[in-house]
Amino acid sequence: MNRASLKRSKILHMALMGTSDPSGEAEASHEKPFVLRALQIALVVSLYWVTSISMVFLNKYLLDSPSLQLDTPIFVTFYQCLVTALLCKGLSSLATCCPGTMDFPTLRLDLRVARSILPLSVVFIGMITFNNLCLKYVGVAFYNVGRSLTTVFNVLLSYLLLKQTTSFYALLTCTIIIGGFWLGVDQEGAEGTLSWMGTLFGVLASLCVSLNAIYTKKVLPAVDGSIWRLTFYNNVNACVLFLPLLLLLGELPALYNFPQLGSAHFWGMMTLGGLFGFAIGYVTGLQIKFTSPLTHNVSGTAKACAQTVLAVLYYEETKSFLWWMSNMMVLGGSSAYTWVRGWEMKKIQEEPRPKEDEKSNVEV
């Protein structure tokens, strides 16, 4: 169990730091034939794309569908957290009752651990809530651009909180991302589809995503480096913290008066949204495991591009050349940042270190 937890911790660390595990990749490549490994990678990447894109379109339906007319974004987010927490507990119980069937840690609610994770949970609530609020007020096509400042906040917060400097080339890619963001906002305004509220929520979501990565590294030791334990505690804390928000924002009366409250279709779609929310964490870790953090970031950028095209086609929208240019600037800048960071980390790893025999000769 400890080895599995350490392995998950290592995968998360590589994802946050933008480095890969060459030893693990080399070992895996020697163990399996190339064709089988290529097929596995294709299946995992496809699973990540389908899960992520489906979750975005489903959440858009739940948050802003004319046919559904449900104006309770906090309750939708709360229910998805509840489903995720119950799934984690269910899988943990299944792994305990049937050992060997799956690799899942034992989950027991420890109030001391829950309190130690509380600061991260607050950031986590902000991240998922602002993500859903952004999606509620902006179109799926603009959703990627609206939340595109995560990389910029990563650089800014790394300097302010961790005192880590960033290279000139990485800063240049951030400038491209910012330019694409402002061009996208300008073009949305020119087309009369801009929502300043949705754009603000997108910026706040980007900030919370960056803070979430930083705080995750700090609290992982409290859950023995287990991503699933962290997911469980985060979602349990979120469910508790969402309850007063539901009362303060008046969503419970709105939910009580909702015409489709007793509809099986409505609860089925809500539960499916929770399942996708749970699955995205799993398939993200799976994609990193079978490829590398660098490949995962490139795949995420390509997925965002495909998602934008699908949204424009599905909603039958017409976009200008400059609107598409803003998307290309955001996606290109994000890809360039990923490549620059990967190149810099590889360069650091390949730097020669002083040899032990040279040190001993100097001492003699």
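Since this is a predicted model, take the numbers as computed values, not measurements. Every chain is numbered on its own, with residues counted from 1 as its sequence reads. Local features in a predicted model are, by the rule used here, given only for residues with pLDDT of at least 70; side-chain atom pairs are given and counted only at 80 or more, and totals for whole chains, interfaces and linings are based on all residues. As a rule here, side-chain values come from all non-hydrogen atoms in the structure, and water together with hydrogens is ignored.

Draft legend 1. Structural detail: unusual backbone geometry. A positive phi angle, near 55°, is found at glutamine 69, a position not held by glycine. Secondary structure elements are defined from DSSP: runs of H or I of at least 4 residues count as helices, runs of E of at least 2 residues count as strands, and each element is numbered from the N terminus. The topology assignment puts glutamine 69 in the loop between helix H3 (34-64) and helix H4 (73-97). Even without being a glycine, aspartate 224 presents a positive backbone phi close to 60°. Looking at where aspartate 224 falls in the secondary structure, it is placed in the loop between helix H9 (196-219) and helix H10 (227-248). The exposure class of aspartate 224 is exposed, given its relative accessible area of 52%. Only protein chains enter the accessibility calculation, which uses a 1.4 Å probe. A residue is then buried if its area is under 20% of the maximum for its type, exposed if over 50%, and partly exposed in between.

Draft legend 2. Main features of the nonpolar core. By size, the foremost hydrophobic cluster in this structure holds 62 residues, and its most contacted members are Leu70, Cys81, Phe242 and Met270. The contact definition used throughout considers only heavy atoms, calling two residues in contact when any of these lie within 4.5 Å. Setting aside chain neighbours within four positions, we find cysteine 81 in contact with Phe124, Ile128, Asn235, Ala238, Cys239 and Phe242. By nonpolar core we mean a set of buried residues, namely Ala, Val, Leu, Ile, Met, Phe, Trp, Tyr and Cys, connected to one another through side-chain atoms within 4.5 Å. Grouped together as the second largest cluster of nonpolar side chains are 18 residues, Ala85, Cys88, Ala114 and Tyr233 included.

Draft legend 3. The arrangement of the packing of H3 against helix H13 (residues 293-314) in detail. Note on geometry: axes are C-alpha line fits, over the in-contact stretch for helices, and angles between N-to-C directions span 0 to 180 degrees. In contact at an axis separation of 10 Å, H3 and H13 are set at 45° when each is read in the N-to-C sense. The orientation of H3 relative to H13 falls into the category oblique. Between H3 and H13 lies a crossing of right-handed hand. Contacts between H3 and H13 involve Val45, Tyr48, Trp49, Ser52, Ile53, Val56 and Phe57 from the first element and His296, Ser299, Gly300, Ala302, Lys303, Ala306, Gln307, Leu310, Ala311 and Tyr314 from the second. Amino acid classes used here: Ala, Val, Leu, Ile, Met, Phe, Trp, Tyr, Cys and Pro are nonpolar; Asp, Glu, Lys and Arg are charged; the rest, including Gly, are polar. Broken down by class, the residue content of the contact of H3 with H13 amounts to 11 nonpolar, 5 polar and 1 charged. Here the word oblique covers every angle except those under 35 degrees (roughly parallel), over 145 (roughly antiparallel) and from 65 to 115 (roughly perpendicular). Take the far helix as your reference; a near helix turned counterclockwise from it by less than a right angle gives a left-handed crossing, and one turned clockwise gives a right-handed crossing.

Draft legend 4. Examining H13 more closely. The end-to-end C-alpha distance of H13 is 31 Å, a good match for the 32 Å that 22 residues give at a rise of 1.5 Å each. Buried residues of H13: Pro293, His296, Ser299, Thr301, Lys303, Ala304, Gln307, Thr308, Ala311 and Val312, and no others. Downstream of H13 by one or two residues, glutamate 316 has phi in the positive range, about 55°. One less than the number of residues in a helix, times 1.5 Å, gives the span that helix is expected to have.

Draft legend 5. Quick peek at the packing of aromatic side chains. Side-chain rings of Phe, Tyr and Trp (the six-membered ring for Trp) are treated as a pair once their centres are within 6.5 Å; stacked means planes under 30 degrees apart, edge-to-face means over 60, and tilted covers the remaining angles. Evaluation of the coordinates by the stated rule reveals 19 aromatic pairs. Considering the side-chain rings of phenylalanine 57 and tyrosine 315, the 6.2 Å spacing of their centres and the 10° angle between planes classify their relative orientation as stacked. Here the residue phenylalanine 57 occupies a position in helix H3, and tyrosine 315 occupies one in the loop between H13 and helix H14 (321-350), the gap between them amounting to 258 residues. Here the aromatic cluster, defined as three or more aromatic residues joined through ring pairs, consists of Phe75, Phe78, Tyr79, Phe258, Phe266 and Trp267. The rule is short: NZ of Lys or CZ of Arg within 6 Å of the ring centre and within 35 degrees of the ring normal puts a charge over the ring. The side chain of arginine 147 reaches across the aromatic face of tyrosine 143, ending 4.2 Å from its centre.

Draft legend 6. Inspection of a nonpolar patch on the surface at higher detail. There is a patch of nonpolar side chains on the surface, built from Leu156, Tyr159, Leu160 and Leu161 and spanning about 410 Å² of accessible area. Examined against the element boundaries, tyrosine 159 turns out to sit in helix H7 (residues 150-162). Only residues whose relative accessible area exceeds 30% and that take part in no salt bridge are eligible for patches, with like-charged residues grouped when within 9 Å of each other and nonpolar side chains (Val, Leu, Ile, Met, Phe, Trp, Tyr) grouped when within 5 Å. Where accessible areas are quoted, they stem from the Shrake-Rupley method and a 1.4 Å probe; at the residue level, only the protein chains shown are allowed to cover. A pairing counts as a salt bridge when a side-chain nitrogen of Lys or Arg comes within 4 Å of a carboxyl oxygen of Asp or Glu.

Draft legend 7. Layout of the packing of H4 against H10. Following both chains from N to C, one finds H4 and H10 inclined at 145°, their axes separated by 8 Å at the closest point. The two elements H4 and H10 meet at a crossing, and its hand is left-handed. In this structure, H4 contributes Ile74, Phe75, Thr77, Phe78, Cys81, Leu82, Thr84, Ala85, Cys88 and Lys89 to the contact, and H10 contributes Trp228, Thr231, Phe232, Asn235, Val236, Ala238, Cys239, Phe242, Leu243, Leu245 and Leu246. Tallied by class, residues from the contact of H4 with H10 come to 16 nonpolar, 4 polar and 1 charged.

Draft legend 8. Geometry of the UniProt feature "transmembrane region" (unreviewed entry) in the chain. The feature "transmembrane region" (unreviewed entry), as annotated in UniProt, sits at residues 41-62, 74-92, 113-130, 142-161, 168-185, 197-215, 236-258 and 264-285 in this numbering. From the first C-alpha to the last, residues 197-215 spans 27 Å; its make-up is 100% helix and 0% strand. UniProt positions are given in the numbering used here, feature names are shortened, and annotations may be inferred rather than shown by experiment.

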